[in-house]
Amino acid sequence: MLCEIKIENVAVIEKAAAVFSDGLNVLSGETGAGKSILIDSINAILGNRTSREIVRSHTPKAMIWATFRGIGAKTRAQLADAGYEAENELLLYREITAEGKSTCRINGMPATASVVRDICSGLINIHGQHDNQSLMNPARHLGILDSFAQNETAHGAYYVVYKELCRVKKEIDALSMDETEKERRIETLRFQIEEIGAAELRPGEEDELLNRRTLIRNAQTVTEQLNIAYAALSGAEDAPGAGEMLGSAATALESISSLSEDFAPLAEQMSGLYYTARDAASDIADILARCEFDPQALDAVEERLDLIYRMKQKYGGDVQDILAYLDAATAELDGIETGAQRLDELYDRQAALYDKAKALADALTQTRLEAFERFNAQITDALRFLNMPGIRFTLSHKKGPLAGSGQDSVEFNISTNPGEEPKPLAKIASGGELSRIMLAVKSALADKDDIGTVIYDEIDTGVSGLAAGRIGEKLKQTAQGRQVICITHTAQIAAQADNHLLIRKNVSEDRTYTEIDALSGEGRVQELARMISGDKITELALANAREMLRMAKA
């Protein structure tokens, strides 16, 4: 349940707070006073998309706080899964800067708008004025019927089988190419497999070739420097090398090692350096012996690198990708060549899955048809109560091919006058009738979910008189066991409120300010009288307002 919302610097609202109660909460006020801004603020605090235009002019940021109590088990579980404390009270905060940046918090901890939106999906259901028009779209009717039927188990069982059926069909389509295309594909795969195989590629080969090409291109420099290093270690005719000199040093130190314990470690260290220098000279000599930096060797390396480049252009970004393509092509060729047997297996599997999916679709259809009988009874009773006594509500139902939602195509038809055949809602219902039909639908779905708060934004559009009074009574009934918040311009509806809030706009020093006040006693009488008669409140309007309140209380 939404307990309170606080708003600062949102559009024309500088600072305001609205406290809500259980039951029916009504918000009234003149057109343009800021009622839609309150709905926009609630949408924003629930994590829905907003923009910097919501920020009050000449202020740095807009801020919204909302407090919920008595949140359901599903929402508490979502909070816990997201890492937030799952208490019985939930505090949401959202800040939108004039630059368009947005910040959200859940119980004081940072959160993204998408996380807030997911968690709050089970807190509030907002019914806007455009939702009435959605009833005229037959594509929405199946979802409404399923919500009433609560057939998630039947639909889930069907969808698992249907999804597997689609996968098998896709595999059959992939294997069921015509013979000409199949032969063409086999020829292509065989050529590719032979071409990659003939190349005899090795992982890491390209890096080895690149290193070798670098050495060949710098052959003279490499040879010169290797000879200098070898001469420095091994010596020349006129001068000893580093190895020989290290050996002499080791011999000298070893000859005096018995004279002091300090000399033996030095002799051992120098001996190690001598053998290291001798091994290094031997390695350099081996490298010099193997060096064949001739133009033909460079040509061979370049040809191999060119082959690898051309293979990469065809089959992958590196040698490893080319070899992976070879494996995939080999597997595909094997699959095509053995595809006939696989196709037979898939056709048998497809037939069995179709029979199972069809049986489950039939069961899903039955849940919908049975639910419509109950749905129809509730809708008809509600509409009769809402001053639509001659109503006939029927279901146009057709079976089609299996799809994700089953096999059913449904549309709600209605007859608003006795003797007339039911026709689609879009062709029959007026604006006021659509409002009442939507309220009847919402009341029928009221106990089908765990959402604690329902908001109706001007559900009374296009109605007045007796129908408006009945809408108020139906809202009052719907609010038993849950919280209903209704924005209205109709006194008959406002009179039914358990909690009546007035939204009013003032202008001071060329700035517009909106305030939200809780009404009771004479203040509520005055507001109802204004809704009845406009700016000029008469004694008759006041008497009428008091009578409305008395009758609503009775």
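See the structure above.
Below is a short write-up of the structure. These numbers come from a predicted model, not from an experiment.

Once that is clear, we can look at the overall build of the protein chain. A count of helices and strands for the protein chain gives 20 helices and 17 strands. Since a compact globule built from 554 residues should have a radius of gyration of about 24 Å, the 42 Å found for the protein chain marks it as more spread out than a globular shape. For the protein chain, the C-alpha atoms occupy an extent of roughly 130 × 75 × 45 Å along the three principal directions. Here the protein chain holds 554 residues, and the buried ones make up 40% of them.

Moving on to the side chain of glutamine 483. Structurally, the position occupied by glutamine 483 is in strand 15 (residues 483–487). Note on glutamine 483: relative accessible area 1%, which makes it buried. Non-local contacts of glutamine 483, meaning those with residues more than four positions away in its chain, are made with Met1, Leu2, Phe20, Ser21, Gly23, Asn25, Gly452, Thr453 and Val454.

It is worth spelling out the side chain of threonine 488 at this point. With respect to the element layout, threonine 488 can be found in the loop between strand 15 and helix 18 (491–494). The class of threonine 488 is buried, set by a relative accessible area of 0%. A distance of 2.9 Å separates a polar atom in the side chain of threonine 488 from the backbone nitrogen of threonine 490. Each residue touching threonine 488, except ones within four places of it in the same chain, is listed here: Val26, Leu27, Ser28, Asp460, Ile493, Ala494 and Met531.

Another aspect to go through is the pattern of salt bridges. Summed over the entire model, instances satisfying the criterion amount to 23 salt bridges. Taking the shortest distance from any N to any O, the salt bridge between arginine 213 and glutamate 302 comes out at 3.3 Å. With arginine 213 in helix 8 (residues 205–217) and glutamate 302 in helix 12 (residues 295–315), this residue pair connects regions lying 89 residues apart in the sequence. Residue lysine 358 is joined to aspartate 362 by a salt bridge in which the shortest nitrogen-to-oxygen separation is 3.0 Å.

On to the packing of helix 10 (residues 242–255) against helix 11 (residues 263–290). Packing of helix 10 against helix 11 leaves a shortest axis separation of 8 Å and a crossing angle of 160°. Classified by the angle between their axes, helix 10 and helix 11 sit roughly antiparallel to one another. As helix 10 runs across helix 11, the sense of the crossing is left-handed. Residues Gly243, Leu246, Gly247, Ala249, Ala250, Leu253 and Glu254 of helix 10 pack against Phe263, Leu266, Ala267, Met270, Ser271, Leu273, Tyr274 and Ala277 of helix 11. Class assignment of the residues belonging to the contact of helix 10 with helix 11 gives a composition of 11 nonpolar, three polar and one charged.

Turning our eyes to something else, we now look at the environment of valine 10. If you trace the backbone, valine 10 turns up in strand 1 (residues 2–10). Valine 10 gets classed as buried once you look at its relative accessible area, which sits at 0%. For the pair valine 10 and valine 55, spaced 45 residues apart in the sequence, the C-alpha separation amounts to 5.0 Å. Those residues in contact with valine 10, other than ones at most four positions away along the chain, are Ile37, Ser41, Ile54, Arg56, Ala62, Met63 and Ile64.

The strand order across the open sheet built from three strands is 11-12-13, with neighbouring strands paired in antiparallel fashion. Edge positions in the sheet fall to strand 11 (392–403) and strand 13 (423–424), since each has one partner strand and no second. Helix-sheet contacts for helix 5 (residues 141–149) involve strand 11 and strand 12 (406–415), and the interaxial angle to strand 12 is about 95°. Packed on one face of the sheet, helix 6 (residues 152–175) meets strand 11 and strand 12 and runs near 35° to strand 11.

The next subject is the packing of helix 19 (residues 521–533) against helix 20 (residues 539–553). Packing of helix 19 against helix 20 leaves a shortest axis separation of 8 Å and a crossing angle of 115°. If you check the angle between helix 19 and helix 20, you find them roughly perpendicular. In this structure, helix 19 meets helix 20 at a crossing whose hand is right-handed. Seen from helix 19, the contacting residues are Glu522, Arg524, Val525, Gln526, Leu528, Ala529, Ile532 and Ser533; seen from helix 20, they are Ala541, Leu542, Asn544, Ala545, Arg546, Met548 and Leu549. Here the contact of helix 19 with helix 20 is built from residues that sort into nine nonpolar, three polar and three charged.

Here we take up helix 11. The terminal C-alpha atoms of helix 11 lie 41 Å apart, and with 28 residues this matches the ideal 40 Å at 1.5 Å per residue to within 8%. Taken together, the buried positions of helix 11 are Ala267, Ala277, Ala281 and Ile284.

Let us look at the sheet that holds strand 4 (residues 61–69). Taken together, six strands build an open sheet; the order of strands is 2-1-4-5-6-7 and the sheet is antiparallel. The open sheet terminates on both sides in strands that have one partner only, identified here as strand 2 (13–19) and strand 7 (109–111). For this sheet, the mean angle separating the axes of adjacent strands, direction not counted, is 15°. As defined by bridge partners, strand 1 adjoins strand 4 across six bridges and the pair is classed as antiparallel. In the strand pairing of strand 4, lysine 6 is matched with tryptophan 65. On the sheet, helix 1 (residues 35–45) packs against strand 1, strand 2, strand 4 and strand 5 (89–97) and is oriented at approximately 105° with respect to strand 1.

Positive phi outside glycine occurs at histidine 58, with the angle close to 65°. With respect to the helices and strands, the residue histidine 58 is situated in the loop between helix 1 and strand 4. Note on histidine 58: relative accessible area 77%, which makes it exposed. Phi is positive for asparagine 387, close to 65°, though the residue is something other than glycine.

Once that is clear, we can look at the pairing of strand 6 (residues 102–106). The sheet contact formed by strand 5 and strand 6 spans five bridges and is antiparallel. Its bridge partner lying in strand 6, isoleucine 96 is registered against serine 102. The hairpin turn running from strand 5 into strand 6, its antiparallel successor, is four residues long, and glycine 100 in that turn takes a positive phi close to 95°. Connecting strand 6 to the next strand, strand 7, in antiparallel fashion are two residues, including asparagine 107 with a positive phi near 50°.

The rules behind each value
- Residues numbered from 1 in each chain as written.
- Predicted model: local features only at pLDDT ≥ 70, side-chain atom pairs only at ≥ 80, totals over all residues.
- Heavy atoms only, no water.
- Helix = DSSP H or I, 4+ residues; strand = E, 2+ residues; numbered from the N terminus.
- Rg over C-alpha atoms; globule rule 2.2 N^0.38 Å.
- Buried < 20%, exposed > 50% of the residue type's maximum accessible area, 1.4 Å probe, protein only.
- Contact = heavy atoms within 4.5 Å.
- Polar contact = N/O pair within 3.5 Å; in protein donor to acceptor, adjacent residues only side chain to side chain.
- Salt bridge = Lys/Arg side-chain N within 4 Å of Asp/Glu carboxyl O.
- Axes fitted to C-alpha atoms, helices over the stretch in contact; angles between N-to-C directions.
- Parallel < 35°, antiparallel > 145°, perpendicular 65-115°, else oblique.
- Left-handed = near helix turned anticlockwise from the far one by under 90°.
- Nonpolar A, V, L, I, M, F, W, Y, C, P; charged D, E, K, R; others polar.
- Pairing = 2+ DSSP bridges.
- Expected span 1.5 Å × (residues − 1).

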